[in-house]
Amino acid sequence: MGFSWDFLFQGFATAFSLQNLLWALVGCFIGTLVGVLPGIGPASGIAILLPMTTVLPPTSAIIMMAAIYYGAMYGGSTTAIVVNIPGEASSVPTAIDGYEMAKQGKAGPALAISAISSFFAGTLGLVGLTFFAPLLANFAVVFGPPEYFALMFMALTLIISLSGRALLKGVISMALGLMTSLIGQDPLTGASRLTFGFPKLLAGIDFISVIVGLFAISEVMINVEQRITAISQKIGNWMPTWTDIKQCLGPMFRCTGIGFFLGLLPGVTPSVTTFVAYDLEKRVSRHPERFGHGAIEGVAAPEGANNATSTAGFVPLFSFGLPTAPSMAVLLGGLMMYGLQPGPMLFKQNPEFVWAVIASMYIGNVMLVILNLPLVGMWARICVIPFYILGPLIVFFSVLGTYSIRFIAFDVWIMLIFGVIGYFMRKLGFPVAPMVLATVIAQMMETSLGQSLLISQGSPLIFFTRPISAVFMGLAFLSIGRGIWIQVRSKAPEVAIEEAD
Amino acid sequence: MKTLRPADIAVGCFLALLGLFIVYASSMIREGVERALSPRTIPSAVGYLILVCGIGLAVKSWRFRGEDPKINWPDREGAKIILVSLLFLALYTVLMNPLGLPLSTFLYVTISILYLKPSKWITAIIIGLIFGMVSYYVFIHLLKLSFPMGFLFEG
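This structure is a prediction, so every number in the text was calculated from the model and none was measured.

(A) Region of interest: the overall build of chain B. Counting its regular elements, chain B contains six helices and zero strands. N-terminal to C-terminal, the α/β element order of chain B is α-α-α-α-α-α. Rg of the C-alpha trace for chain B: 24 Å, well past the compact-globule value of 15 Å for 155 residues, more than 25% over. If you line up chain B on its principal axes, its C-alpha atoms span 55 × 55 × 20 Å. The buried share of chain B, reckoned over its 155 residues, is 43%. In chain B, once contacts between residues fewer than 6 apart in sequence are set aside, the share between residues at least 24 apart is 63%. Summing over all exposed atoms, chain B offers an accessible surface of approximately 8,700 Å²; the carbon and sulfur share of this is 69%.

(B) Examining the overall build of chain A more closely. A tally of helices and strands in chain A yields 22 helices and two strands. The C-alpha radius of gyration computed for chain A amounts to 22 Å, which stays within 12% of the reference 23 Å derived for 501 residues, consistent with globular compactness. In terms of principal-axis extent, the alpha carbons of chain A reach across some 70 × 55 × 50 Å. Here chain A holds 501 residues, and the buried ones make up 64% of them. The contacts of chain A with a sequence gap of at least 6 include a subset with a gap of at least 24, amounting to 81%.

(C) Focus on the environment of Pro302 of chain A. Residues and elements named next belong to chain A. Position of Pro302 among the secondary structure elements: in helix α12 (residues 297-312). Pro302 sits 187 residues away from Ala115 along the chain, and the two C-alpha atoms are 12 Å apart. When neighbours within four sequence positions are excluded, Pro302 is seen to be in contact with Pro93, Thr94, Thr274, Ala277, Tyr278 and Glu297.

(D) Main features of the interface of chain A and chain B. Counting residues at the interface gives 61 residues for chain A, matched by 65 residues for chain B. Both sides together, the interface formed by chain A and chain B hides about 5,500 Å², and carbon and sulfur atoms give 82% of it. Seen at the junction of chain A and chain B, the total is one salt bridge. Among the salt bridges present, the one from Lys169 of chain A reaches Asp8 of chain B, with a minimum N-O distance of 3.0 Å. Elements that contribute at least two residues to the side of chain A that touches chain B include exactly α8 (167-182), β2 (192-193), α9 (207-226), α18 (387-406), α19 (409-427) and α20 (433-455) of chain A. Among the elements that line the side of chain A that touches chain B, the one with the most residues is α18 of chain A, at 11 residues. Among the residues forming the side of chain A that touches chain B, the class breakdown is 45 nonpolar, seven polar and nine charged.

(E) Region of the structure containing the confidence of the model for chain A. In the predicted model, chain A carries a mean pLDDT of 84, and the fraction of residues at 70 or more is 92%. Helix α17 (residues 376-382) of chain A is the least confidently modelled element of chain A, averaging 72 in pLDDT, while α19 of chain A averages 94, the highest of any element.

(F) Looking closely at a nonpolar patch on the surface. Among the surface-exposed residues, Trp121, Ile122, Ile125, Ile126, Leu129, Ile130, Met133, Tyr137, Val138 and Leu142 of chain B lie close enough to one another that they form a single nonpolar patch of about 980 Å² accessible area. Residue placement: Tyr137 of chain B occurs in helix α5 (residues 121-142).

(G) Structural view of the packing of helix α7 (residues 145-161) of chain A against α20 of chain A. All names here are of chain A. The contact between α7 and α20 brings their axes to 8 Å, and the two run at 155°. When the axis of α7 is compared with that of α20, the two are roughly antiparallel. As for the relative orientation of α7 and α20, their crossing is left-handed in sense. Where α7 approaches α20, its residues Pro145, Pro146, Tyr148, Phe149, Met152, Phe153, Leu156, Ile159 and Ile160 are matched on the opposing element by Ala433, Pro434, Leu437, Ala438, Ile441, Met444, Met445, Ser448, Leu449, Gln451, Ser452 and Ile455. Across the contact of α7 with α20, the residue classes break down as 18 nonpolar, three polar and no charged.

(H) View of helix α2 (residues 41-63) of chain B. Between its terminal C-alpha atoms α2 of chain B stretches 33 Å, which fits the 33 Å expected from 23 residues at 1.5 Å a residue. Check the buried side of α2 of chain B and you find it contacts α8, β2 and α20 of chain A together with α1 (4-27) of chain B.

(I) Broad picture of the pattern of salt bridges. All names here are of chain A. For the coordinates displayed, the defined rule picks out 10 salt bridges over all chains. Of the charged contacts, one joins Asp279 and Arg283 as a salt bridge, the two residues approaching to 2.9 Å between their closest N and O atoms. Taken together, the positions of Asp279 and Arg283, both in helix α11 (residues 270-284) and four residues apart, correspond to about one turn of that helix. Owing to a relative accessible area of 34%, Asp279 belongs among the partly exposed residues under this scheme. Here Asp411 makes a salt bridge to Arg406, at a shortest N to O gap of 2.6 Å.

(J) Here's a closer look at helix α4 (residues 101-116) of chain B. With 16 residues, α4 of chain B extends 22 Å between its outermost C-alpha atoms, agreeing within 8% with the 22 Å of an ideal straight helix rising 1.5 Å per residue. For α4 of chain B, the set of buried residues is Leu101, Pro102, Leu103, Ser104, Thr105, Tyr108, Val109, Thr110, Ser112 and Ile113 of chain B.

(K) Structural detail: the packing of α9 of chain A against helix α3 (residues 76-99) of chain B. Axis separation between α9 of chain A and α3 of chain B bottoms out at 8 Å; the angle between their running directions is 140°. Judged on the interaxial angle alone, α3 of chain B and α9 of chain A are oblique. Viewed along their axes, α9 of chain A and α3 of chain B form a crossing whose handedness is right-handed. Between α9 of chain A, through Ile217, Met221, Val224 and Glu225 of chain A, and α3 of chain B, the contact on the second element is made entirely by Gly78, Ile81, Ile82, Ser85, Leu86 and Leu89 of chain B. Among the residues forming the contact of α9 of chain A with α3 of chain B, the class breakdown is seven nonpolar, two polar and one charged.

(L) Looking closely at the state of the cysteines. Residue and element names in this part refer to chain B. By the definition in use, this model includes zero disulfides over all chains. Here Cys13 is not disulfide-linked; the sulfur of Cys53 is the nearest cysteine sulfur, at 14 Å. Judged by relative accessible area, which is 41%, Cys13 ranks as partly exposed.

(M) A look at the side chain of Ser112 of chain B. Here Ser112 of chain B lies in helix α4. When near neighbours in sequence (up to four residues on either side) are disregarded, Ser112 of chain B contacts Pro392 of chain A together with Phe88 of chain B.

(N) Spotlight on the packing of aromatic side chains. Summed over all chains, the structure comprises 32 aromatic pairs over all chains. Taking the centre distance of 5.5 Å and the plane angle of 25° together, the rings of Tyr403 of chain A and Phe147 of chain B count as stacked. Of this pair, Tyr403 of chain A sits in helix α18 while Phe147 of chain B sits in the loop between α5 and α6 (150-153), placing the two residues on different chains. Ring pairs connect the aromatic residues Phe149, Phe153, Phe463, Phe464 and Phe477 of chain A, which therefore count as one cluster. One residue, Lys169 of chain A, lies across the ring of Phe430 of chain A, its end atom 5.0 Å from the ring centre.

(O) Seen up close, the nonpolar core. Residues and elements named next belong to chain A. With 181 residues, the main nonpolar core has Leu129, Ile211, Phe314 and Phe318 as its most contacted residues. Residues contacting Phe318, with those up to four places away along its chain left out, are Leu129, Gly343, Pro344, Leu346, Phe347, Val354, Val357 and Ile358. Counting 15 residues, the second largest nonpolar core, distinct from the first, contains Met101, Ala102, Leu111 and Met252.

Parameters at a glance
- Residues numbered from 1 in each chain as written.
- Chains lettered and ligands numbered in written order.
- Predicted model: local features only at pLDDT ≥ 70, side-chain atom pairs only at ≥ 80, totals over all residues.
- Heavy atoms only, no water.
- Helix = DSSP H or I, 4+ residues; strand = E, 2+ residues; numbered from the N terminus.
- Rg over C-alpha atoms; globule rule 2.2 N^0.38 Å.
- Buried < 20%, exposed > 50% of the residue type's maximum accessible area, 1.4 Å probe, protein only.
- Contact = heavy atoms within 4.5 Å.
- Areas by Shrake-Rupley, 256 points an atom, 1.4 Å probe, with all protein chains shown as cover.
- Buried area = accessible area lost by both parts, 1.4 Å probe.
- Salt bridge = Lys/Arg side-chain N within 4 Å of Asp/Glu carboxyl O.
- Nonpolar A, V, L, I, M, F, W, Y, C, P; charged D, E, K, R; others polar.
- pLDDT = per-residue confidence, 0-100.
- Patch = residues over 30% accessible without salt bridge, like charges linked within 9 Å, V, L, I, M, F, W, Y side chains within 5 Å.
- Axes fitted to C-alpha atoms, helices over the stretch in contact; angles between N-to-C directions.
- Parallel < 35°, antiparallel > 145°, perpendicular 65-115°, else oblique.
- Left-handed = near helix turned anticlockwise from the far one by under 90°.
- Expected span 1.5 Å × (residues − 1).
- Disulfide = S-S within 2.5 Å.
- Phe/Tyr/Trp six-rings, centres within 6.5 Å; stacked < 30°, edge-to-face > 60°.
- Lys NZ or Arg CZ within 6 Å of the ring centre and 35° of its normal.
- Core = buried A, V, L, I, M, F, W, Y, C linked by side-chain atoms within 4.5 Å.

Encoded structure:
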């Protein structure tokens with residue numbers, strides 16, 4: 001079940017079929033658009049489109065969804081550099097030096113180096129994914145329900161502890177996510193839970209309505225109140241000089257490594273690694289004073305880390321069925337929607353699927369460089385679409401996406417409610433990521449907890465007596481301890497750090 | 001509530017009440033046959049967690065004595081825009097079944113753009129028409145998704 005060149009070549013053969021190439025291109029295009037447009041991120045973009053992809057075969061649908069995700073990582077930098085509007089939170093460090101370069105008339109080289117660095121890191125990250133994921137999947141084959149429960153528990157605690165100083169708010173966010181997914185019928189007994197007598201709640205709340213509401217609708221609400229304006233910059237010549245490229249080679253290598261290895265951890269999203277990468281490059285640079293004033297390494301470093309992290313997120317997703325970020329949680333939901341069992345068995349039972357998706361990512365990276373370099377002028381113009389047009393269109397697509405889950409207006413109402421909840425969560429400094437992840441993995445957690453307790457005849461000690469689950473539980477408790485320690489020492493009020501979609 | 005401290009106290013109290021309510025609602029869940037994990041266990045654990053964290057948030061904020069950060073609430077005009085936009089979205093949802101997706105989309109997009117930028121009425125109508133048609137040709141005709149068609153296209 002481990003890595004095999006045959007599987008990879010078969011994957012390339014499937015990915016190179018006309019249909020899959022087309023859907024990868026569509027995904028790359030939509031992804032770049034999602035990255036370029038402020039107000040819509042990859043998680044909501046994928047969530048909106050997911051129900052509509054039921055007309056496609058699973059492989060094509062997931063190829064497209066994955067392309068949207070990594071495509072958005074390319075697109076986010078364009079607006080950050082050209083108009084100083086980071087399309088995603090992860091593009092904020094890129095905007096620092098990228099926009100400075102644009103003001104100096106060097107927007108072209110900044111955009112080019114951003115695309116080159118993204119391609120370089122994305123491709124190296126893919127090599128890591130190709131060899132790492134089957135290895136980890138081999139290791140995960142021995143996982144039973146206790147190990148899975150402990151792994152998911154650890155993922156949730158890590159995500160909460162990375163919510164900045166907002167530990168309590170992170171736990172509340174997670175608990176609200178769990179509560180949302182508990183609404184409906186108990187999967188084993190069929191008993192109705194938390195439905196409060198509403199028959200429509202018996203079928204449960206679909207996670208897509210929750211995610212679209214939390215991200216897309218709340219973002220629209222925030223943008224309409226701020227009434228965004230944009231300033232255009234001239235792109236100029238887009239070719240970077242050899243000196244520029246040589247200057248960026250070191251940062252690209254370093255930040256790919258950082259982005260990839262940190263990206264394997266749950267909760268470490270590109271918005272975290274891009275800042276880490278930018279900070280590291282500034283520290284190791286011989287001329288740190290250039291950072292913030294248009295240093296080209298300040299563009300290459302975060303962009304490399306951004307793409308390496310987003311590719312690394314596929315490693316735990318494919319090998320353990322573990323989402324490390326909200327966008328990955330939506331992709332996990334997509335896999336489950338198509339009846340694919342995420343985790344180690346994916347490599348065993350559906351190798352043609354998983355290797356086709358991995359191979360398509362290599363192709364997608366090439367497509368993205370082609371889409372991003374010559375068409376940069378077009379993307380820059382798209383990002384200045386005024387919000388009075390963009391806002392209603394985002395809502396239109398959100399309504400289409402949520403309505404098409406079950407073709408009932410009820411799901412749209414749920415989206416609206418979670419839009420309002422998401423708006424208040426952002427205003428009051430509650431992190432959204434724990435809620436999204438809890439909503440998606442709650443049922444898997446409950447099932448594995450139930451099975452574990454069945455094995456142990458009701459004893460929770462099973463999580464501490466099996467070595468792998470004991471390690472995960474230990475890490476989870478360490479993470480909780482770290483969070484509590486930060487809370488006790490911190491004299492500041494609870495505010496979550498800025499998080500990525 | 002212009003700053004975070006009073007808002008967190010209020011939210012903490014609200015969450016504590018919500019937690020209590022979840023605990024109560026969980027006790028109403030039918031148990032059925034005896035299992036290692038009862039259908040009540042997780043909902044009541046979640047209820048207790050919300051209750052404890054809500055109290056914790058309220059108490060922590062109440063005891064906080066440092067510089068209280070301001071909440072970036074919208075001004076009166078911003079709040080009005082949000083409320084009206086939400087109302088448009090609610091009307092879009094309500095009208096989608098009787099009017100159908102194409103017509104309700106045309107109305108929603110046109111009216112929303114007109115509301116946000118009244119001077120751009122031609123743009124509003126053109127974009128509304130384009131997306132009304134897109135909703136019909138792409139999503140109903142091409143993808144064959146079961147969206148309501150409304151009286152204009154039925155029969």
